[in-house]
Number of protein chains: 2
Amino acid sequence: MADPMYRQIADDLRRQIEAGELPPGAQLPTELELREKYDASRNTIRDATKWLITRGLVETRPGQGTFVIERIIPFVTTLTGDPKTASGGEGHTYIERGVPGGEAEPDYDREVMVSRRTPQASQPKIEIQQASALLAGELSIEENAIVVSRHQERFIDGTPWSLQTSFYPMSLVERGATRLIQAQNILEGTVEYLRDSLDIKQAGYRDVITVRAPDETETRFFNLPDDGRVSVLSTRRTGYDQNGQAFRLTLSVYPADRNQFVVKVGEVPADPTAASANRQS
Amino acid sequence: MADPMYRQIADDLRRQIEAGELPPGAQLPTELELREKYDASRNTIRDATKWLITRGLVETRPGQGTFVIERIIPFVTTLTGDPKTASGGEGHTYIERGVPGGEAEPDYDREVMVSRRTPQASQPKIEIQQASALLAGELSIEENAIVVSRHQERFIDGTPWSLQTSFYPMSLVERGATRLIQAQNILEGTVEYLRDSLDIKQAGYRDVITVRAPDETETRFFNLPDDGRVSVLSTRRTGYDQNGQAFRLTLSVYPADRNQFVVKVGEVPADPTAASANRQS
DNA sequence: GGGTATTTGTCCGTATGTATT
DNA sequence: AAATACATACGGACAAATACC
């Protein structure tokens, strides 16, 4: 009761959305209508919808109205894989577009679509750079040592899915892995390429996962609302060879609103998605 | 140039923050001062600071002013572990509070604190429930079958760190794992307990990671700003026994602003943090 | 403890611009 | 071209939180 008016209005609308009275895609009453319904000024109504916007419940479309957000069917990326091949980058990466599920409570009636998808990647943009402090530390090389940077935009079914940059010490190129500095996809995967060309085997890798607000480039590429309400999940993958020496660092960024990640440890049954989706009626 | 005024003001302030002219913790000019500086109305100034707030750059304190956000030293949780013991819940979970690092670019001068921390957990709140559809699917039991829910609040150094709920089929209790329905921590971990009491060995587990906006309970518990700009990262861990049968489901929620997650696959050297933090000068 | 100044939070009103139908 | 609906910007008023004397 002590809540400010715009919060009470927002809470009431949220209740309607969560109760399904305003289903996904439905248009909310216009600001003018809400103004009359709640007997508040237009600015107060707008404060309420802003509150709903930052929570990802509604979106506004100029000239049209305010609408309940449609739930996005997420891409599912598995972070664990065979270290001998898993590059998390170029090469074969299989993505499920399906529904391992949201949280426990909500009980959406949504289509189950479990289909394996291979992302398409842009031609890599190659840069020769000096190692930053972080990079030098991760790759155990001197700061300002020369590294190769391979940057790619990745899509699934045409929708922007991930931005990715991999770094390799220039010494690998000097030792013969010359394709690293060619602006061409390494289709078999850089991990396999380095194994075949330099006998560097990836014995393991470490991912560090962080959530943060998107920067301007990411907002543009992913087509995120520019009010920053959708955060991005970034992974930093450091690959180690058989001697425990880091030889690559891959930074990937995914928009948090359309991605899920899976980590499997030990023996895990194959088809979780179908299992969790099959509701016995 | 076509940018609205509030964006120009926000961009100018953002530039000052990123350039270090306004270091973390510093107070921004008051709304009145900014009003004069940019020759705009107070509401326009407030729109600009709102833009900065949703991007996590500043925070406002009523009666005091607007301040540049202080960077939080994140908790680091490792998601991969020995499936035979890793519960991701009660029992021994080691957390590093340290700095695997943010993104590549920023070059903070911040203290390196790598110390192993054991989280403290509240006494579990036990509930006997009927399985939801998701739960039934994950645990391969009938919908509306009876399950035990163990809910805990977890803290590190007194700061709220995670909310966690584990579900077990009631059949486990009937078969003798009676401590599951006691409101007492299972210190050795429920995974070990089930192995010792019922000879159920956890052969593997799967984590599904999702990012979403916090609900009200989470906002309150984690002390998050109630404008929903900080999202939460939620993990759903399904544990499988030696027969590929799921026997537990653990939902955990972590505030995204003070947590990082690590996934290790294959052979990974032990001490990455120190390595990445040690800058040769 | 009380009072006052400062600063942000809420709410109102109005006007004009811009995007969509 | 006109109507509709949201976006931006201005102005003012009072409330609530905080700090300081």
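It should be emphasised that the depicted structure is a prediction, and the values quoted were computed from it without experimental measurement.

Q: What's the story with the overall build of chain A in this structure? I'm lost.
A: In terms of regular secondary structure, chain A is built from eight helices and 13 strands. The buried share among the 281 residues of chain A stands at 52%. Relative to all contacts within chain A whose residues are 6 or more apart in sequence, the contacts with residues 24 or more apart total 62%. Summed over all atoms, the accessible surface of chain A reaches about 13100 Å², with 48% contributed by carbon and sulfur.

Q: Any chance you could explain the interface of chain A and chain B here in plain terms?
A: Reports often express the size of an interface as the amount of accessible area lost when the parts come together. Counting residues at the interface gives 63 residues for chain A, matched by 63 residues for chain B. Summed over both sides, the interface between chain A and chain B buries roughly 5200 Å², with carbon and sulfur atoms accounting for 53% of that surface. As a salt-bridge pair, Glu216 of chain A and Arg14 of chain B come within 3.4 Å of each other at their nearest N and O atoms. Viewed at the interface, chain B and chain A are joined by 14 residue pairs in polar contact (both at pLDDT 80 or more). Elements supplying a minimum of two residues to the side of chain A that touches chain B: helix H1 (5-18), helix H3 (42-54), helix H4 (133-139), strand E10 (202-212), strand E11 (232-241), strand E13 (259-266) and helix H8 (272-277) of chain A.

Q: Which parts of the structure should I look at to understand the pairing of strand E8 (residues 146-156) of chain A?
A: Consecutive residues of a regular strand have side chains that alternate between opposite faces of the sheet. All names here are of chain A. As defined by bridge partners, strand E6 (residues 120-121) adjoins E8 across two bridges and the pair is classed as antiparallel. Within E8, the residue paired with Gln120 across the bridge is Phe155. In this sheet, E8 lies alongside strand E7 (residues 125-130) in antiparallel orientation, the contact comprising six bridges. Counterpart to Gln130 in the pairing with E8 is Ile146. Relative to strand E9 (residues 159-169), E8 runs antiparallel, the two being bridged by 10 bridges. From the neighbouring strand, Val148 faces E9, where its bridge partner is Tyr168. Joining the antiparallel neighbours E8 and E9 is a turn of two residues, in which Asp157 adopts a positive phi near 50°.

Q: Explain the protein's contact with DNA strand C here, please?
A: Residues in contact with DNA strand C amount to 23 residues; listed here are only the nearest, Met5 and Thr44 of chain A together with Arg42, Arg46 and Thr60 of chain B. Those atoms of DNA strand C that come within 4 Å of the protein belong to sugar or phosphate at a rate of 64%. In the model, a phosphate oxygen of DNA strand C is placed 3.1 Å from a nitrogen or oxygen of the Tyr6 of chain A side chain. Contact distances for DNA strand C include 2.8 Å between a phosphate oxygen and a side-chain N or O atom of Arg46 of chain B. Looking at the surface near DNA strand C, the elements that each hand over two or more residues are H1 and H3 of chain A together with helix H3 (42-54), strand E1 (58-61) and strand E2 (65-68) of chain B.

Q: Just checking my understanding: could you explain the packing of H1 of chain A against H3 of chain A for this structure?
A: Two numbers describe a pair of packed helices, the interaxial angle and the distance between the axes. All names here are of chain A. Running from N to C, H1 and H3 cross one another at 55°; their axes reach a closest spacing of 8 Å. It follows that H1 is oblique to H3 by the angle criterion. Considering how the two elements wind past one another, H1 and H3 form a crossing that is right-handed. Across the interface between the two elements, Met5, Tyr6, Arg7, Ile9, Ala10, Asp11, Leu13 and Arg14 from H1 touch Thr44, Ile45, Asp47, Ala48, Trp51 and Leu52 from H3. Class assignment of the residues belonging to the contact of H1 with H3 gives a composition of nine nonpolar, one polar and four charged.

Q: Looking at this structure, I do not really get the relation of the copies chain A and chain B. What am I missing?
A: Think of it as a corkscrew move, a rotation about one axis and a shift along it, taking one chain copy to the other. Its rotation angle being 180°, the transformation that places chain A on chain B also includes 0.1 Å of axial translation and leaves an RMSD of 0.2 Å. With respect to symmetry, the two chain copies, as superposed, fit the operation of a two-fold axis. No C-alpha of chain A lies nearer the rotation axis than that of Arg229 of chain A, which sits 3.3 Å from it. A high fraction, 100%, of the interface residues of chain A reappear at the interface in chain B, so the copies pair face to face through one surface.

Q: I keep staring at the nonpolar core and nothing clicks. Help me out?
A: The tendency in soluble globular proteins is for nonpolar side chains to be buried as a group. Counting 26 residues, the largest nonpolar core has Ile209, Leu233 and Val263 of chain A together with Ile209, Leu233 and Val263 of chain B as the members making the most contacts within it. Put simply, the parts of the chain that give this core at least two residues each are E10 and E13 of chain A together with strand E10 (202-212) and strand E13 (259-266) of chain B. Sequence-distant contacts of Leu233 of chain A, that is, excluding residues within four places in its chain, are made with Ile209, Thr210, Val211, Ser252, Val253, Tyr254, Ala256 and Phe261 of chain A together with Val211 and Leu233 of chain B. Residues Ala10, Ala26, Tyr38 and Ala48 of chain A belong to the second largest nonpolar core, which totals 18 residues.

Q: Help me understand the protein's contact with DNA strand D, please; the structure alone is not making it clear to me.
A: Near DNA strand D there are 23 residues, and of these Arg46 of chain A together with Met5, Ser41, Asn43 and Thr44 of chain B occur at the shortest range. Within 4 Å of the protein, atoms of DNA strand D come from sugar and phosphate in 66% of cases. In this structure, a phosphate oxygen belonging to DNA strand D sits 3.1 Å away from a main-chain N or O atom of Glu31 of chain A. The side chain of Arg42 of chain A places a nitrogen or oxygen atom 3.1 Å from a base nitrogen of DNA strand D.

Q: Could you clarify how one ought to interpret the pattern of salt bridges in this entry?
A: Between side chains of opposite charge, a pair can form when the charged atoms approach closely. Overall, the coordinates contain 34 salt bridges over all chains when judged by the stated rule. Where Asp11 of chain A meets Arg14 of chain A, a salt bridge forms, and the shortest distance between an N and an O atom there is 3.2 Å. Taken together, the residues Asp11 of chain A and Arg14 of chain A, both in helix H1 and three residues apart, mark about one turn of the helix. What makes Arg14 of chain A buried here is its relative accessible area of 18%. Measuring nitrogen to oxygen at the nearest pair gives 3.1 Å for the salt bridge that ties Arg179 of chain A to Glu188 of chain A. Residue Arg179 of chain A is classed as partly exposed on the basis of its relative accessible area, which comes to 29%. One salt-bridge network, in which partners are shared between bridges, spans Glu216 of chain A together with Arg7, Asp11, Arg14 and Glu18 of chain B.

Q: Explain the side chain of Ser252 of chain A to me, please; I cannot follow it from the model alone.
A: Residue and element names in this part refer to chain A. Tracing the chain through its elements places Ser252 in strand E12 (residues 246-255). Residue class for Ser252 comes out buried when judged on its relative accessible area of 3%. Within the local environment of Ser252, its side chain forms a polar contact with the side chain of Gln164, the two groups lying 2.8 Å apart.

Q: How do you make sense of the confidence of the model for chain A when you look at a structure like this?
A: Residues and elements named next belong to chain A. When pLDDT is averaged across chain A, the result is 82; 84% of the residues are at 70 or more. Low pLDDT, under 50, characterises residues 98-114; the predicted model gives this stretch 39 contacts beyond four residues in sequence or across chains. In the predicted structure, residues 273-281 sits below a pLDDT of 50 and forms 16 contacts with residues beyond four places in sequence or in another chain.

Q: Explain unusual backbone geometry here, please?
A: When glycine is set aside, most residues are seen to have a negative phi, and most peptide bonds are trans. You will see that Asp39 of chain A, though not glycine, has its phi angle at about 55°, which is positive. With respect to the helices and strands, the residue Asp39 of chain A is situated in the loop between helix H2 (31-38) and H3. A positive phi angle, near 60°, is found at Asn223 of chain B, a position not held by glycine. With respect to the helices and strands, the residue Asn223 of chain B is situated in the loop between helix H7 (216-222) and strand E11 (232-241).

Q: What is the right way to look at the packing of aromatic side chains in this model?
A: Aromatic ring pairs: the centre-centre distance and the angle between the two ring planes describe each pair. All names here are of chain A. In total, this model carries eight aromatic pairs over all chains according to the counting rule given. Between the aromatic rings of Phe221 and Phe222, the centroid separation amounts to 5.0 Å while the plane-to-plane angle is 65°, which identifies the pairing as edge-to-face. Across this residue pair, the class does not change: Phe221 and Phe222 are buried. Here the aromatic residues Phe155, Phe221 and Phe222 are joined through ring pairs into a cluster of three or more.

Thresholds applied
Residues numbered from 1 in each chain as written. Chains lettered and ligands numbered in written order. Predicted model: local features only at pLDDT ≥ 70, side-chain atom pairs only at ≥ 80, totals over all residues. Heavy atoms only, no water. Helix = DSSP H or I, 4+ residues; strand = E, 2+ residues; numbered from the N terminus. Buried < 20%, exposed > 50% of the residue type's maximum accessible area, 1.4 Å probe, protein only. Contact = heavy atoms within 4.5 Å. Areas by Shrake-Rupley, 256 points an atom, 1.4 Å probe, with all protein chains shown as cover. Buried area = accessible area lost by both parts, 1.4 Å probe. Salt bridge = Lys/Arg side-chain N within 4 Å of Asp/Glu carboxyl O. Polar contact = N/O pair within 3.5 Å; in protein donor to acceptor, adjacent residues only side chain to side chain. Pairing = 2+ DSSP bridges. Near = heavy atom within 4 Å. Axes fitted to C-alpha atoms, helices over the stretch in contact; angles between N-to-C directions. Parallel < 35°, antiparallel > 145°, perpendicular 65-115°, else oblique. Left-handed = near helix turned anticlockwise from the far one by under 90°. Nonpolar A, V, L, I, M, F, W, Y, C, P; charged D, E, K, R; others polar. Least-squares fit on C-alpha atoms with pLDDT ≥ 70 in both. Core = buried A, V, L, I, M, F, W, Y, C linked by side-chain atoms within 4.5 Å. pLDDT = per-residue confidence, 0-100. Phe/Tyr/Trp six-rings, centres within 6.5 Å; stacked < 30°, edge-to-face > 60°.

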